[in-house]
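Fold and geometry: a report
Chain by chain, the residues run as shown.
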Amino acid sequence: KEAAWGLACGAFYGAASPLSSQPFDTVKTKMQAQPEYMKGGMMHTFAKVVKNEGVLALYKGLMPPLIGSSIFRSVQFGVFNACMTSWKETPVMRKEIPGTFGLENRVVVGGVLASTARAIVETPLELIKVRLQVGQPWNTGSLMQGFTVTWIRTTGLMTTFFVLCDTFDRHVPQMTSVPFIGPFLKGGIAATVGWWIVWPFENLKSQIQAGNPGPQKIWPRFFWTIQQGGVGSLFRGFVPGSLRSIVANGFSMLAYQWCQEIRLKYTQPQRS
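Calculation rules
- Residues numbered from 1 in each chain as written.
- Predicted model: local features only at pLDDT ≥ 70, side-chain atom pairs only at ≥ 80, totals over all residues.
- Heavy atoms only, no water.
- Helix = DSSP H or I, 4+ residues; strand = E, 2+ residues; numbered from the N terminus.
- Buried < 20%, exposed > 50% of the residue type's maximum accessible area, 1.4 Å probe, protein only.
- Contact = heavy atoms within 4.5 Å.
- Areas by Shrake-Rupley, 256 points an atom, 1.4 Å probe, with all protein chains shown as cover.
- 1 Å grid on protein atoms, 1.4 Å probe; cavity = no way out; pocket = protein on both sides within 12 Å on 5 of 7 lines; lining within 4 Å.
- Points joined across faces, edges and corners; volume = space filled by probe spheres on them.
- Nonpolar A, V, L, I, M, F, W, Y, C, P; charged D, E, K, R; others polar.
- Core = buried A, V, L, I, M, F, W, Y, C linked by side-chain atoms within 4.5 Å.
- Patch = residues over 30% accessible without salt bridge, like charges linked within 9 Å, V, L, I, M, F, W, Y side chains within 5 Å.
- Salt bridge = Lys/Arg side-chain N within 4 Å of Asp/Glu carboxyl O.
- Axes fitted to C-alpha atoms, helices over the stretch in contact; angles between N-to-C directions.
- Parallel < 35°, antiparallel > 145°, perpendicular 65-115°, else oblique.
- Left-handed = near helix turned anticlockwise from the far one by under 90°.

With that settled, consider the overall build of the protein. Per the secondary structure count, the protein includes ten helices and zero strands. Counting only C-alpha atoms and orienting by the principal axes, one finds that the protein spans roughly 65 × 35 × 35 Å. Within the protein, buried positions represent 50% of all 272 residues. Within the protein, contacts between residues at least 6 apart in sequence are counted, and of these 73% link residues at least 24 apart. A total accessible area of about 12800 Å² is found for the protein, and carbon and sulfur atoms account for 69% of it.

Here you go:
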């Protein structure tokens, strides 16, 4: 039952994300993976896209993440909620990790398993989205291209997200319980910190899935990118990506919280 509610609330979370942030994501992807946009900053790229391709170009590739985000976020929240519930009475999983101020093993392990499930579903959808954003064709034979880098990125991102959300709920419940602002800050901060940690891998994922010239394996691509443009080139699109994360995950967490409130309303025993 908890997994089913996790799937449902994850779908609300997933749909809210691209709807609220697609222009930021398009600018970010073009800065990372489309050669003619890989030199300028965020505002220059934004203006160039609008001038050369029109305003609607900012929404290219919307349908795959709109549909896919609901699916893979449903999967990630469903798996995570199932893990948290099934391990509620398991001593080894309820054991606190030393030096983490109360973080339990089940949060970290559940985060890794949820991330793995998400990466399997997300990789082909992300490839289609990236190819549409940079104007490149795609075919079914390449749909899992970039899985390894997507898995590394997603595991770092989502495990950090779940850990921070758990930490906020345990240590600053007064902040997360504030209507509208609390869930927005909780989702926006937790996800954006996660993105900062894994940003070089997000950059490499975009390049590999776009089919750009250069190595198509993660570590050769990592060193090749540094050789071509320096360490700073690993952080292309960092500003629009951070803005996208704050907006997308802030509004998504509001949608998720709303779904959870409905869950509590219909699953908690009513007082007579």
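The next thing to look at is empty space enclosed by the protein. Across all of its chains, the model carries two cavities of 30 Å³ or more by this definition. Of the volumes computed, that of the largest cavity is approximately 220 Å³. Lining the largest cavity are 22 residues, with Asp25, Arg73, Glu126, Lys129 and Arg244 positioned closest to its centre. Elements with a contribution of two residues or more to the lining of the largest cavity: α1 (2-33), α3 (63-86), α5 (105-133), α8 (181-209) and α10 (238-267). Counting residues per element, the lining of the largest cavity draws most heavily on α1, at six residues.

With that settled, the discussion passes to the layout of surface pockets. Approximately 630 Å³ is the volume found for the largest pocket. Lining the largest pocket are 21 residues, with Phe80, Asn81, Asp169, Tyr256 and Gln260 sitting closest to its centre. Mapped by element, the contributors of at least two residues to the lining of the largest pocket are α3, α5, α6 (147-171) and α10. Broken down by element, the lining of the largest pocket gets its largest block of residues, six residues, from α10. Here the residues of the lining of the largest pocket are counted per class, giving ten nonpolar, four polar and seven charged. Volume-wise, the second largest pocket comes out at about 370 Å³. Taken together, 16 residues line the second largest pocket, and the ones lying closest to its centre are Met38, Lys39, Gln228, Gly229 and Ser233. Of all elements in the fold, only α1, α8 and α9 (218-229) reach the threshold of two or more residues within the lining of the second largest pocket.

On to the nonpolar core. Ranked by size, the top nonpolar core spans 23 residues in total, and within it Val107, Phe161 and Phe162 carry the most contacts. Among the secondary structure elements, those contributing two or more residues to this core are α1, α3, α5, α6, α8 and α10. The element best represented in this core is α6, accounting for seven residues. Aside from chain neighbours lying at most four places away, what touches Phe161 is Tyr13, Phe77, Gly187, Ala190, Ala191 and Met253. Formed by seven residues, the second largest nonpolar core is a distinct cluster that contains Val149, Leu204, Ile218 and Phe222.

A cluster of nonpolar side chains, contributed by Val178, Phe180, Ile181, Leu185, Ile189 and Phe251, occupies part of the molecular surface with about 510 Å² of accessible area. With three residues, the single largest contributor to the nonpolar patch is α8. Following the sequence through the fold, Phe251 ends up in helix α10.

Right, let's get into the packing of α5 against α6. For the pair α5 and α6, the least separation of the axes is 7 Å and the interaxial angle reads 140°. Comparing the axis directions of α5 and α6 gives the class oblique. For the pair α5 and α6, the sense of crossing is right-handed. Per-class residue counts for the contact of α5 with α6 are twelve nonpolar, eight polar and five charged.

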